[in-house]
Amino acid sequence: MTVESVGPENTAATAEPPVAGGAVPLLGHGWRLVRDPLAFLSQLRDHGDVVRLKLGPKTVYAVTTPALTGAVALSPDYIIAGPLWESLESLLGKEGVATANGPLHRRQRRTIQPAFRLDAIPAYGPIMAEEAYALVERWRDADGVLDITYESFRVAVRVAARCLMRGGYMDAHADRICADLTTLFAGMYQRMVVPLGPLYKIPLPANREFNRALADLHVLVDEIVADRRASGQKPDDLLTALLEAKDDNGDPIGEQEIHDQVIAILTPGAETVGSTIMSLLLVLTEHPELGDKIRDEVKSVVGDRPVAFEDVRKLTYTANVVTETLRLYPAVWILTRRAVADTELGGYRIPKGADLIYSPFAVQRDRRSYERNEDFDPDRWLPERSKDVPKYAMSPFSVGNRKCPSDHFSMAELTLVTAVVAHAYGFEHASGSDPRPRIGITLRPRRLMLRALPR
């Protein structure tokens with residue numbers, strides 16, 4: 001076994017993991033995680049399966065292998081906590097499905113899971129297709145350069161809102177949500193890797209901008225809930241399920257939980273899907289041959305009619321392009337957990353209360369798991385080749401009871417949007433485009449400015 005609880009019957013001493021090099025006084029490894037986190041995390045496996053990092057005064061255990069990251073994700077000895085989640089609490093709260101643990105998390109999963117059942121997702125198909133084609137039409141009418149950050153987050157927010165919280169009021173809110181999330185997810189990463197606590201309360205311009213965006217997003221969520229209640233409508237969507245949910249005593253759930261759950265619907269979904277759409281458009285720009293192949297597949301499967309949700313399962317090459325994008329450019333590129341018991345992980349003792357960190361970005365690009373690990377190769381996901389990928393070396397939606405409940409929803413959305421967009425356009429970089437990674441709580445291109453070239 002790779003993870004064992006260490007109790008009275010299992011008290012054999014185990015070695016402490018080695019300490020990673022490169023720490024600096026006071027900030028420890030936080031400085032390297034700020035300056036070049038992707039390179040730093042990607043080389044940690046060379047130093048061990050588990051290594052110790054210093055983030056300010058804290059010691060954090062970095063887990064580097066697919067098997068051990070899977071073990072941590074599946075073990076009840078590790079919960080959602082640690083630097084990542086502490087930095088997110090001001091946004092996501094403590095009562096939403098993204099941050100809750102134990103019985104509360106299990107009840108919340110039961111509340112939201114029906115909205116993401118496989119048999120429920122086809123009902124969202126017409127909305128996904130409508131938004132994908134609306135995006136294509138917007139670009140046809142656009143004059144010149146497209147701001148892909150804005151366009152990607154706009155379509156992601158609209159799909160999430162229209163499918164899960166069916167309200168036209170989202171039209172007025174979408175731009176504000178996108179702007180707020182851009183500010184928040186950048187600031188939260190800095191708070192995670194350099195945990196300076198009270199210093200973030202000093203009214204510096206960056207702190208004031210962060211606090212303004214946070215306050216505005218919470219106001220937006222309250223407006224969404226109030227608008228639904230005032231309408232008296234009860235459409236069959238996730239927001240209605242939350243407003244009618246009961247706690248374990250059979251009483252309506254509290255207002256704070258409703259608020260935190262709506263945040264959990266809008267924020268992670270819109271941020272991760274929007275970031276992935278940006279990465280997909282970067283891939284189509286830098287590998288135009290992929291767009292040609294997607295267009296050929298769409299013509300073969302669909303013919304001359306518009307792409308529909310029912311076509312998604314037949315668009316296998318397009319789906320493989322999405323999967324390879326998720327491998328090389330995972331929006332959720334860093335995760336943390338906390339040990340709730342003394343455990344042994346990979347032969348090392350992990351003390352109760354210790355924080356663990358692992359990087360899907362590093363795991364999914366590891367040369368020990370993938371041939372030509374840095375190459376973009378959709379065909380590596382053909383059945384005859386994908387069987388050679390080590391278990392847990394590709395988990396863009398996580399595993400176990402923390403697996404993203406909207407994984408099938410998101411894959412369908414991403415495949416449909418990619419098919420529609422690649423069929424209509426090729427792309428080229430415009431002046432001011434900066435495709436380098438933007439490091440925040442999520443990963444996406446820094447500033448993507450493109451020209452859409454009609455096919």
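Residues numbered from 1 in each chain as written. Predicted model: local features only at pLDDT ≥ 70, side-chain atom pairs only at ≥ 80, totals over all residues. Heavy atoms only, no water.

1. Points about the overall build of the protein chain
Scanning the protein chain from N- to C-terminus turns up 16 helices and 13 strands. Residues counted as buried form 55% of the 455 residues belonging to the protein chain. Within the protein chain, residue pairs in contact and separated by at least 24 positions form 72% of the contacts whose partners lie at least 6 positions apart. For the protein chain, the computed accessible surface area is about 19400 Å², with 54% contributed by carbon and sulfur atoms. (Helix = DSSP H or I, 4+ residues; strand = E, 2+ residues; numbered from the N terminus. Buried < 20%, exposed > 50% of the residue type's maximum accessible area, 1.4 Å probe, protein only. Contact = heavy atoms within 4.5 Å. Areas by Shrake-Rupley, 256 points an atom, 1.4 Å probe, with all protein chains shown as cover.)

2. Quick word on the nonpolar core
Counting 86 residues, the largest nonpolar core has W139, L281 and F427 as its most contacted members. For this core, the element with the highest residue contribution is helix α11 (residues 255–286), accounting for 14 residues. With residues near it in sequence (within four places) discarded, W139 still touches L146, I148, E151, L281, V421, Y425 and F427. Core analysis: the second largest hydrophobic core is formed by 17 residues, F40, V51, I334 and L443 among them. (Core = buried A, V, L, I, M, F, W, Y, C linked by side-chain atoms within 4.5 Å.)

3. Re the environment of E137
The residue E137 is located in helix α6 (residues 125–141) in this model. What makes E137 partly exposed here is its relative accessible area of 38%. Separated by 287 residues in sequence, E137 and A424 place their C-alpha atoms 9.7 Å apart.

4. Quick look at the packing of helix α12 (residues 288–302) against helix α16 (residues 407–424)
Here α12 crosses α16 at 105 degrees, and the two axes come no closer than 8 Å. Here α16 runs roughly perpendicular to α12, going by the angle between their axes. Of α16, the residues touching α12 (which contributes G291, I294, R295, V298 and K299) are T418, A419, A422 and H423. A per-class count over the contact of α12 with α16 returns 4 nonpolar, 3 polar and 2 charged. (Axes fitted to C-alpha atoms, helices over the stretch in contact; angles between N-to-C directions. Parallel < 35°, antiparallel > 145°, perpendicular 65-115°, else oblique. Nonpolar A, V, L, I, M, F, W, Y, C, P; charged D, E, K, R; others polar.)

5. Focus: the sheet that holds strand β13 (residues 449–454)
The pairing of strands in a sheet happens through backbone hydrogen bonds and is either parallel or antiparallel. Spatially, the 3 strands line up as an open sheet ordered β5-β13-β10, and their pairing is antiparallel. The open sheet terminates on both sides in strands that have one partner only, identified here as β5 (146–147) and β10 (425–429). Taken together, the 2 bridges between β5 and β13 define a ladder with antiparallel strand orientation. Bridge pairing in β13 places L146 opposite L450. In this fold α16 packs onto β10 and β13, with an angle of close to 80 degrees to the strand it touches most, β10. (Pairing = 2+ DSSP bridges.)

6. As for the sheet that holds strand β9 (residues 355–358)
A sheet is described by the order of its strands in space; here 5 strands give the open sequence β2-β3-β9-β6-β4, paired in mixed fashion. Across the chains shown, the open sheet's two edge strands, defined by having one partner strand only, are β2 (50–55) and β4 (78–79). Examined bridge by bridge, β2 and strand β3 (residues 58–63) share 6 bridges and lie antiparallel to one another. When the sheet's bridge partners are listed, L53 is paired in β3 with V60. Its contacts with the sheet put helix α3 (residues 66–74) on β2, β3, β4, β6 (335–339) and β9, and the angle it makes with β9 is roughly 130 degrees.

7. Comments concerning helix α7 (residues 148–164)
Between its first and last C-alpha atoms α7 spans 24 Å; for 17 residues at 1.5 Å apiece the expected length is 24 Å, and the two agree. When you tally the buried positions in α7, you get 14 out of 17 residues, the bulk of the element. Where α7 starts, the residue carrying a side-chain oxygen 3.2 Å from the main-chain nitrogen of T149 turns out to be D147. (Expected span 1.5 Å × (residues − 1). Polar contact = N/O pair within 3.5 Å; in protein donor to acceptor, adjacent residues only side chain to side chain.)

8. A word on the confidence of the model for the protein chain
Overall, the predicted model of the protein chain reaches an average pLDDT of 85, with 86% of residues at or above 70. Element-level pLDDT for the protein chain is lowest in strand β1 (residues 3–5), with a mean of 55, against a maximum mean of 98 in helix α13 (residues 316–328). Every residue in residues 6–13 scores below 50 in pLDDT, and together they form 8 contacts with partners more than four places removed in sequence or on other chains. (pLDDT = per-residue confidence, 0-100.)

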